[in-house]
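Survey of secondary and tertiary structure
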Amino acid sequence: MSKSNLTKLIVLTVIALVLIAVFMVIQSGGNWDYILPRRGKKVLAMVQTGGAIAFSTVVFQTITNNRILTPSIMGLDSLYMLFQTFMVYVFGSISLTAMGKNVNFLISVGMMAVFSVVFYKLLFKREGQNIYFLLLLGLIFGTLFQSLSSFMEVLIDPNEFQIVQDKMFASFNNVNTDLLLV
């Protein structure tokens, strides 16, 4: 790493730490026992999420030798949403609450891992397949999963759609601290 890149990295790290410190203490009102643990969990979740996204993106861009592509082109995020929507569509919104957040998380991750292994095994069984063919199929499957999710979302009850919509977007206000360790 060159000296100028190291200097940039140090400056950005210092700026990030200062901004974290400002976030932790701003508008606290002296209620430190309540504010610091809650905001600390949010900061930890943001750092873990940002690190995981950055790591996966850099690995993916290195494998594909393309700086523009991101892992979302493989369609696994659409597969996650298809699973969540399917659960609500078939079993109702009570299924996600009855299942529990940790069980839902483990089942979703397991299902995406099984799909990936089966997909890659079938795809790379034949010789001569390249990474671009994999990306093309990932894009097609992602579009298919997204379309199926949208179709089911239109058909479900609006109140149950709100449950699905809550699963669509990350929220740092409701961090599940049990999953931080996982």
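Our subject is the structure listed above.
Residues numbered from 1 in each chain as written. Predicted model: local features only at pLDDT ≥ 70, side-chain atom pairs only at ≥ 80, totals over all residues. Heavy atoms only, no water.

1. Focus on helix α5 (residues 101-123)
Note the threshold: In this text, helices come from DSSP runs of H or I with a minimum length of four residues, and strands from runs of E with a minimum of two, each type numbered from the N-terminal end. Under the convention used throughout, the expected extent of a helix is 1.5 Å for every residue step, that is, one less than its residue count. Relative accessible area decides the class of each residue, using a 1.4 Å probe on protein chains only: under 20% of the type maximum gives buried, over 50% gives exposed, and in between gives partly exposed. We call two residues in contact when some of their heavy atoms are within 4.5 Å.
With 23 residues, α5 should cover 33 Å at 1.5 Å per step; its first-to-last C-alpha distance of 32 Å lies within 8% of that length. Within α5, the full set of buried residues consists of N104, S108, M112, S116, F119 and L123. Elements that come into contact with the buried residues of α5 comprise α3 (76-91), α4 (94-99), α6 (131-155) and α7 (158-168).

2. Topic: unusual backbone geometry
The phi dihedral of N65 falls on the positive side, at around 55 degrees, and the residue is not glycine. Within the secondary structure, N65 sits in the loop between α2 (32-64) and α3.

3. Some remarks on the nonpolar core
What counts, and what does not: What is meant by a nonpolar core is a set of buried Ala, Val, Leu, Ile, Met, Phe, Trp, Tyr and Cys residues, joined one to another through side-chain atoms within 4.5 Å.
Residues M81, F83, M87, V88, L96, M99, I156 and V164 constitute the largest nonpolar core, which totals eight residues. When contributions to this core are tallied by element, the ones reaching two or more residues are α3 and α4. Broken down by element, this core gets its largest block of residues, four residues, from α3. Residues in contact with M81, not counting those within four places in the same chain, are S149, E153, V164, K167 and M168. By size, the runner-up hydrophobic cluster in this structure holds seven residues, among which are M74, F119, L134 and L135.

4. So, α3
Turn by turn, an α-helix covers 3.6 residues, leaving residues three or four places apart pointing in a common direction. Here α3 contains 16 residues, and its C-alpha end-to-end distance of 22 Å stays within 8% of the 22 Å for a straight helix at 1.5 Å per residue. Listing the buried residues of α3 in full gives S78, L79, M81, L82, F83, Q84, T85, M87 and V88. Those residues of α3 that are buried are in contact with α4, α5, α6 and α7. Phi turns positive, to about 90 degrees, at G92, one or two residues after α3.

5. Considerations on the packing of α3 against α6
What counts is decided by this rule: Every axis in this analysis is a line fitted to C-alpha atoms, fitted for helices over the stretch in contact. Angles between the N-to-C directions lie between 0 and 180 degrees. Angles below 35 degrees are treated as roughly parallel, those above 145 as roughly antiparallel, those between 65 and 115 as roughly perpendicular, and all remaining angles as oblique. Handedness of a crossing follows from how the near helix is turned relative to the far one, being left-handed for an anticlockwise turn of less than a right angle and right-handed for a clockwise one. Charged means Asp, Glu, Lys or Arg here, nonpolar means Ala, Val, Leu, Ile, Met, Phe, Trp, Tyr, Cys or Pro, and polar covers whatever is left, Gly included.
Across the interface, α3 lies against α6 with an axial gap of 8 Å and an inter-helix angle of 25 degrees. Comparing the axis directions of α3 and α6 gives the class roughly parallel. In the crossing of α3 with α6, the sense of the turn from one axis to the other is left-handed. Here S78, L79, M81, L82, T85, F86 and Y89 of α3 come into contact with α6, specifically with G142, F145, Q146, L148, S149, M152, E153 and L155. Split by residue class, the contact of α3 with α6 holds nine nonpolar, five polar and one charged.

6. Things to note about the packing of α2 against α6
Where α2 meets α6, the axes come as close as 10 Å, and the angle between the chain directions of the two elements is 130 degrees. Between α2 and α6, the angle is such that the two are oblique. Contact residues: α2 offers F60, I63 and T64, while α6 offers I131, Y132 and L135. Looking at the contact of α2 with α6 residue by residue, the class counts come to five nonpolar, one polar and no charged.

7. Concerning the packing of aromatic side chains
Test applied: For Phe, Tyr and Trp, rings pair up if their centres lie within 6.5 Å, where Trp contributes its six-membered ring, and each pair is then called stacked (planes under 30 degrees apart), edge-to-face (over 60) or tilted (otherwise). By the criterion adopted, a ring carries a charge over it if an Arg CZ or a Lys NZ lies within 6 Å of its centre and within 35 degrees of its normal.
One pass over the full model with this rule turns up six aromatic pairs. Taking the centre distance of 5.6 Å and the plane angle of 50 degrees together, the rings of F119 and Y120 count as tilted. By relative accessible area, which is 11% here, F119 ends up buried. Since its relative accessible area comes to 30%, Y120 is described here as partly exposed. Between F119 and F141, the aromatic rings sit 5.3 Å apart at their centres with planes inclined by 90 degrees, giving edge-to-face as the arrangement. Here the residue F119 occupies a position in helix α5, and F141 occupies one in helix α6, the gap between them amounting to 22 residues. Classification of F141 as partly exposed rests on a relative accessible area of 28%. Aromatic rings pair up to connect F115, F119, Y120, F141 and F145 into one cluster. Here R39 stacks its cationic end above the ring of F23, 5.6 Å away from the centre of that ring.

Keep in mind that these numbers describe shape and distance, not what the molecule does.
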